[in-house]
Amino acid sequence: MRIVSWNVNGLRACTKKGFLDWFHQDQSTIVGLQEVRALEEQLDPNVAAPEGWHVDFSAAERKGYSGVGLYSQRKPHHMTHSLGRNEFDVEGRVQIAQFGALTLANVYFPNGSGKNRDNSRVPYKLDFYQTLYEQLDELKTAGSPVVVMGDFNTAHQEIDLARPKSNHKTSGFLPEEREELDRWLREGWVDSFRKYNEEEGHYTWWSNRPGVRQRNVGWRIDYALISPGALPYLKGAAIHPDVMGSDHCPISIELDEAVLNHGT
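Everything numeric in this text was worked out from a predicted model, so none of it was measured. Every chain's residues receive numbers from 1 upward, in the order its sequence appears when written. The predicted nature of this model means local features are confined to residues of pLDDT at least 70 and side-chain atom pairs, given and counted, to a pLDDT of 80 or more, with totals for whole chains, interfaces and linings taken over all residues. The basis for every side-chain value is the complete set of heavy atoms in the structure, and neither hydrogens nor water enter the calculation.

So, about the overall build of the chain. Note on conventions: DSSP H or I runs of at least 4 residues are helices, E runs of at least 2 residues are strands, and numbering of each starts at the N terminus. If you tally the helices and strands in the chain, you get seven helices and 14 strands. Each radius of gyration reported is based on C-alpha atoms, and the globular scaling rule is 2.2 Å times the count of residues to the power 0.38. Over its C-alpha trace the chain gives a radius of gyration of 17 Å, about what one expects of a compact globule, namely 18 Å for 264 residues. For the chain, the C-alpha atoms occupy an extent of roughly 50 × 40 × 35 Å along the three principal directions. To sort residues, take the accessible area from a 1.4 Å probe on protein chains only and compare it with the maximum for the residue type: under 20% means buried, over 50% means exposed, and anything in between is partly exposed. Taking all 264 residues of the chain together, the buried fraction comes to 55%. By definition, residues are in contact when any of their heavy atoms lie within 4.5 Å. Residue pairs at least 24 apart in sequence account for 69% of intrachain contacts in the chain once pairs closer than 6 positions are excluded. Here, Shrake-Rupley sampling with a 1.4 Å probe gives the accessible areas, and only protein chains in the shown set may cover a residue. Total accessible area on the chain is roughly 12,000 Å²; 46% of this is exposed by carbon and sulfur atoms. Charged residues are defined here as Lys and Arg on the positive side and Asp and Glu on the negative side; His and the ends of the chain fall outside this count. By convention, charge coordinates are those of NZ in Lys, CZ in Arg, CG in Asp, or CD in Glu. Across the chain, the centroid of the 29 positively charged side chains sits 6 Å from that of the 36 negatively charged ones.

Following this line, the structure appears as structure tokens:
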């Protein structure tokens, strides 16, 4: 199973930049998108309902903001868009799908930066992290295979961004944000990419300022975290910086299909 996650920074804009060509060439089993920023009826019909795919979108109440989407070649047995708290659910940030024994969370984590770039949304962001953690913890503790993928809006360590020294007061690299991600990993979640690659210089987001992406001055803020129950099925993880169309690039993991029958 090839599972891909991509913050498309507006699916309508990404469609104009070749999204469908990439989508049909990628040979994925499941594709999770973040920052869709559109209602389903606003999308090109070939994007909203590609032939042969099961598609689900969750939009924010605020138009043109946030939103997630999930494409899968297998129909999920169950899907929810709720963390059980209205202040999170209205922003359309979560899809939790069940594929056999596998639970897959496609998530667009909040940015901690407020309207005035004042880090005023950091408490909301950390509360969101903790609420999602609590919702998935019982499954993780029971040994079920769980994948949490998406734009986490946090660079974990200094090797995860090109300019760490100048960003210690910037949301996305604040000590309290990094500590929350540390907590997930201490409690058993595994950063799938770092299981295979411990080198610096691998990023998933770049500023739109001219030349920044070409010089690879970026941040790694998109992840696929794997529960201990899913780890034995993990066969690979990668970042795809050559894929254009957004200020983020896709990430992917490979899972043995036996994960769907875990425990049976």
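With that settled, the discussion passes to empty space enclosed by the protein. Of the two site types, the cavity is a set of points on a 1 Å grid over the protein atoms alone where a 1.4 Å probe fits but cannot get out, and the pocket is an open set with protein on both sides within 12 Å along at least five of seven lines, each lined by residues with an atom within 4 Å of a point. Grid points are joined across faces, edges and corners, and a volume is the space filled by probe spheres set on the points. This structure, assessed with the given rule, holds two cavities of 30 Å³ or more. Size it by volume and the largest cavity reaches roughly 60 Å³. Taken together, Ser192, Phe193, Arg220, Asp222, Tyr223, Ala224, Ala237, Ala238, Ile239, Ile251, Ser252 and Ile253 make up the full set of residues lining the largest cavity. Looking at the lining of the largest cavity, the elements that each hand over two or more residues are α7 (192-196), β12 (222-226), β13 (234-239) and β14 (251-255). Its residues assigned to classes, the lining of the largest cavity comprises eight nonpolar, two polar and two charged. Looking at the second largest cavity, its volume works out to about 30 Å³. Lining the second largest cavity we find Ser58, His81, Leu83, Phe88, Asp89, Gly92, Arg93, Val94 and Phe128. Gly is put with the polar residues, along with every residue not named as nonpolar or charged; the nonpolar set is Ala, Val, Leu, Ile, Met, Phe, Trp, Tyr, Cys and Pro, and the charged set is Asp, Glu, Lys and Arg.

A separate point is the layout of surface pockets. As a volume, the largest pocket reaches approximately 970 Å³. Asn111, Ser113, Arg117, Asn153 and Trp205 are the residues nearest the centre of the largest pocket, which is lined by 29 residues in total. Class assignment for the residues of the lining of the largest pocket results in five nonpolar, 15 polar and nine charged.

Here Val122 lies in helix α5 (residues 122-141). Owing to a relative accessible area of 5%, Val122 belongs among the buried residues under this scheme. Each C-alpha atom, one on Val122 and one on Gly112, is 4.0 Å from the other, the two residues being ten residues apart in sequence. Among residues more than four places away in sequence, those in contact with Val122 are Gly112, Ser171, Leu174, Glu176 and Glu177.

Turning next to α5. With 20 residues, α5 should reach 28 Å at 1.5 Å per residue; the first-to-last C-alpha distance of 27 Å fits that figure. Residue Gln135 marks the point of greatest curvature in α5, where the axis turns by about 35 degrees. Along α5, the positions that sit buried rather than exposed are Val122, Tyr124, Lys125, Leu126, Phe128, Tyr129, Thr131, Leu132, Tyr133, Leu136 and Lys140. Considering only its buried residues, α5 is in contact with α4 (86-89), β6 (94-99), β7 (102-108), β8 (146-151) and α6 (175-186). At the C-terminal side of α5, Gly143 shows a positive phi close to 90 degrees. Multiplying one less than the number of residues by 1.5 Å gives the expected span of a helix. Fitting axes to the seven residues ending at a residue and to the seven starting there, one defines the bend at that residue as the angle between these axes.

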